[in-house]
Amino acid sequence: MSLQPILGVIGVVLTILGIAMLVPAAVEAGARGPDGWVFAASAGFTLFFGVLLALGGRSSGVVRLSVRQTFVLTNAVWLCVAVFAALPLHLSSLHLSVADAAFEAMSGLTTTGSTVIVGLDQVPRGVLLWRGITQWLGGIGIIVMAMAVLPVLHVAGMSLFQSESSERSEKVLPHWAQIVRVTAQIYVALTALCATAYWALDMSGFDAVVHAMATLSTGGFGTSDSSFAIFQSPAIEWTGIVFMIAGGMPFVFYIQLVTHQREAALANSQVRSFLALLVLVCLILSAWLALTRGMAWHDALGLVSFNVVSVVTTTGFVSADYGQWGSFAVVAFFFLTFVGGCTGSTAGGIKIFHFQVLFAVARVQIRRLFHPHGVFVPRYGGKPIPDPVFVSVLSFLLLYVLSFAGFSLGLALFGLDLTTALSGAATALANVGPGLGDIIGPAGNFASLPDGAKWLLSLAMLMGRLELFTVLVLLAPSFWRA
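Here's a quick rundown of the structure. (Residues numbered from 1 in each chain as written. Predicted model: local features only at pLDDT ≥ 70, side-chain atom pairs only at ≥ 80, totals over all residues. Heavy atoms only, no water.)

## Brief notes about the nonpolar core
Core analysis: the largest hydrophobic core is formed by 135 residues, its most contacted members being W130 and V308. Sort the elements by how many residues they give to this core and helix α3 (residues 67-91) lands first, with twelve residues. Residues in contact with V308, not counting those within four places in the same chain, are L278, V281, C282, L285, F333 and L336. (Core = buried A, V, L, I, M, F, W, Y, C linked by side-chain atoms within 4.5 Å. Buried < 20%, exposed > 50% of the residue type's maximum accessible area, 1.4 Å probe, protein only. Helix = DSSP H or I, 4+ residues; strand = E, 2+ residues; numbered from the N terminus. Contact = heavy atoms within 4.5 Å.)

Structure (structure tokens):
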């Protein structure tokens with residue numbers, strides 16, 4: 001297996017990362033902050049290796065990667081970017097340990113939003129901006145991976161998602177590269193629109209930019225330990241709801257809208273199921289909160305909607321400690337952690353697409369029980385679901401459950417209590433951010449966890465972001481055989 005094209009792609013990505021580091025370097029220099037030289041030196045170091053690898057991996061002709069090379073490339077890119085993104089965090093005035101810097105970088109790039117930094121209100125602006133940039137870059141990287149890489153690898157049945165989402169736009173956008181380019185343009189435009197809306201609602205310009213990057217990437221890194229609660233503004237929260245939902249939608253939906261395929265966009269089954277789920281859960285939990293806490297209905301609806309949308313889209317912003325809303329709400333939020341947004345979005349979790357395929361097959365199986373001689377075909381998006389796709393989705397869900405159990409047991413080995421171990425594994429695998437309980441709940445963070453637990457959670461974040469199969473396949477001996 002030739003590593004030259006793999007190293008070349010890694011070099012290009014690192015070059016982009018190094019250029020991005022110059023932005024917080026300039027912000028720190030302009031504010032006379034303590035970390036300007038850190039980001040400048042890290043940018044130079046990253047650019048050196050990036051350009052070196054890009055030149056070394058350069059090819060004179062068109063290179064077509066094999067499936068094995070694509071698997072290795074996907075994992076290697078995320079690992080290398082995480083290592084270099086952690087560099088300025090480790091060298092900054094925060095003096096983060098290697099484990100803490102790696103955890104924070106991995107959390108940013110996988111758009112998880114879990115943090116080990118305490119006292120964000122006093123953290124230098126360059127560091128806050130860099131955290132937002134890592135999430136923003138991770139968000140666009142996730143979309144590209146979901147739309148262009150994972151369907152080709154047939155990971156978790158996403159070839160069917162590609163069939164549903166891409167065929168309708170082939171006449172206008174015949175190549176995936178065009179789809180990725182248009183998606184990037186939409187991503188940038190939505191981010192700018194979100195930042196403008198936040199700024200118009202009296203966020204500072206800096207806060208608006210950082211929160212916009214974290215909102216569209218469904219990442220959740222903010223500029224205060226209090227997250228959105230610091231703003232005390234329902235208007236800002238409802239704006240956040242709108243753009244968190246936008247980040248959790250499949251980006252092919254926007255491509256269809258801008259390419260005048262509105263009928264296809266409105267017929268998207270993922271979008272309808274995603275929005276219906278949000279409405280239903282928000283209404284149920286709002287009624288619960290209003291009845292049990294004596295809260296006015298409209299206040300309960302706003303409070304619940306923000307936090308439910310944040311968890312389901314795996315953004316991780318919080319406007320209140322929902323761990324104090326009672327056992328029903330806590331259990332509900334625990335299960336919502338696994339749901340996730342739509343495939344082809346920046347959101348993590350199991351994702352609506354996989355649930356739809358599973359429910360379609362389950363519905364057919366139930367009908368067969370009542371009509372043993374009937375012929376029933378499970379469908380998704382109006383098309384029959386091939387058996388390999390169902391097997392892939394079912395395998396993914398089984399691996400997800402086993403991984404969750406394994407990471408939970410691993411965290412328990414480090415002495416974490418049941419709530420922290422279970423919710424920590426869930427939030428890392430689903431790339432949500434906050435867990436449950438007093439330690440890593442909405443009002444806490446991951447700073448007090450042992451270093452071993454942080455490394456384990458970093459692995460869980462990566463596996464969850466790469467849809468499990470992409471990482472676990474590297475452990476199979478047959479993968480490395482010629």
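We are not done yet, so read on.
## A few points about the packing of helix α12 (residues 269-293) against helix α15 (residues 352-370)
Where α12 meets α15, the closest approach of the two axes is 10 Å, and the angle between their N-to-C directions is 100°. Classed by the angle they form, the pair α12 and α15 counts as roughly perpendicular. Counted together, S269, Q270, S273, F274 and L277 of α12 and I352, F353 and Q356 of α15 form the full contact between these two elements. By residue class, the composition of the contact of α12 with α15 is four nonpolar, four polar and no charged. (Axes fitted to C-alpha atoms, helices over the stretch in contact; angles between N-to-C directions. Parallel < 35°, antiparallel > 145°, perpendicular 65-115°, else oblique. Nonpolar A, V, L, I, M, F, W, Y, C, P; charged D, E, K, R; others polar.)

## Quick word on the state of the cysteines
Within this structure, the stated rule accounts for zero disulfides. This cysteine, C342, is not joined by any disulfide, and C282 carries the nearest cysteine sulfur, 15 Å off. Among the residues examined, C342 registers a relative accessible area of 0% and is labelled buried. (Disulfide = S-S within 2.5 Å.)

## Quick notes on helix α8 (residues 205-216)
Its twelve residues place the ends of α8 17 Å apart at the C-alpha level, agreeing with the 16 Å of an ideal helix rising 1.5 Å per residue. Counting buried residues in α8 gives ten out of twelve residues, a clear majority hidden from the surface. Within α8 the residues assigned to the buried category are F206, D207, A208, V210, H211, A212, M213, A214, T215 and L216. (Expected span 1.5 Å × (residues − 1).)

## Section: the side chain of T115
Here T115 shows up in the loop between α4 (98-109) and α5 (125-149). For T115, a relative accessible area of 14% puts it in the buried group. At a separation of 3.1 Å, a polar atom in the side chain of T115 contacts the main-chain amide nitrogen of I117. Only 3.4 Å separates the side chain of T115 from the side chain of R131, close enough to count as a polar contact. Discounting residues that sit within four places of it in the chain, T115 has contacts with F103, E104, R131, F221, N445, F446 and A447. (Polar contact = N/O pair within 3.5 Å; in protein donor to acceptor, adjacent residues only side chain to side chain.)

## Points about helix α17 (residues 418-429)
With twelve residues, α17 ought to run about 16 Å at 1.5 Å a step, and its terminal C-alpha atoms sit 17 Å apart, in line with that. Counting buried positions along α17 gives nine out of twelve residues, so the element sits mostly inside the fold. Among the residues making up α17, those that are buried are T420, A421, S423, G424, A425, A426, T427, A428 and L429. Summarising the contacts, the buried residues of α17 are in contact with α14 (327-339), α16 (387-413), α18 (437-440) and α19 (451-465). Its side-chain oxygen 3.1 Å from the backbone nitrogen of T419, D417 forms the N-cap of α17.

That is the geometry; function is a separate question.
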